[in-house]
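Observations on the model geometry
These are the residues of each chain, in order.
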Amino acid sequence: MITPLACSLVGQTHRVGLVAGTLAARLYGVAEADEDYYCNYGVNPDYLGRLEVGGLRVSGVGAEGEIRIVELPGHPFFVATLFLPQARSGPGAPHPLLAGYAGAVRARRAAVGVGP
């Protein structure tokens, strides 16, 4: 399912196209975003069908359709990326995915009656 990339992405910045109607697209609020990568591995596209049958949805792709973000619809917050969102996040400007995660945690705590 995970395979070495043909070319390492370590230290590179690449554009991610966000799939309309996904949580990732809603959180970003734009159609594309540049992200920083520090990886040598990716999702083997031969397994895409199995991942989708298992419920995962591709919500972000690279320039040639490579899987960059997946999510699990119906889950409060199950989002996985090939890049590191924290690389583009700071105290006054959290990355959209990290802000979304924090929001999901707050909503869950409120739903179960746990204080701030």
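So, how was this worked out
Residues numbered from 1 in each chain as written. Predicted model: local features only at pLDDT ≥ 70, side-chain atom pairs only at ≥ 80, totals over all residues. Heavy atoms only, no water. Helix = DSSP H or I, 4+ residues; strand = E, 2+ residues; numbered from the N terminus. Buried < 20%, exposed > 50% of the residue type's maximum accessible area, 1.4 Å probe, protein only. Polar contact = N/O pair within 3.5 Å; in protein donor to acceptor, adjacent residues only side chain to side chain. Contact = heavy atoms within 4.5 Å. Expected span 1.5 Å × (residues − 1). Arc of directions from axis to C-beta. Salt bridge = Lys/Arg side-chain N within 4 Å of Asp/Glu carboxyl O.

1. Focus on the side chain of Ser59
Relative to the helices and strands, Ser59 resides in strand β5 (residues 57-61). The exposure class assigned to Ser59 is buried, which follows from its relative accessible area of 0%. Here Glu71 takes part through its side chain, which lies 3.0 Å from a polar atom of the side chain of Ser59. Excluding its chain neighbours within four sequence positions, the residues that come into contact with Ser59 are Gly17, Leu18, Val19, Thr22, Ala24, Ile69, Val70 and Glu71.

2. Remarks on helix α3 (residues 96-111)
Under the 1.5 Å per step criterion, the end-to-end length of α3 is 22 Å for 16 residues, consistent within 8% with the ideal 22 Å. Looking only at α3, the buried set comprises Leu97, Gly100 and Ala104. The buried side chains of α3 occupy one side of the element, clustering within an arc of 55° when seen end-on. In α3, those exposed residues whose orientation departs by more than 90 degrees from the buried face are Arg106 and Ala110. Those residues of α3 hidden inside the fold are in contact with α1 (23-28) and β7 (79-81). Where α3 ends, the next residue or the one after it, Gly113, has phi of about 80°, a positive value.

3. So, the pattern of salt bridges
Evaluated as defined, the whole model comprises four salt bridges. Where Glu32 meets Arg15, a salt bridge forms, and the shortest distance between an N and an O atom there is 3.6 Å. Of this pair, Glu32 sits in strand β3 (residues 32-37) while Arg15 sits in strand β2 (residues 12-18), and the two are 17 residues apart along the sequence. A salt bridge links Asp34 to Arg15, with the nearest nitrogen and oxygen atoms 2.9 Å apart. Of this pair, Asp34 sits in strand β3 while Arg15 sits in strand β2, and the two are 19 residues apart along the sequence. Among the charged side chains, a network of salt bridges with common partners joins Arg15, Glu32 and Asp34.

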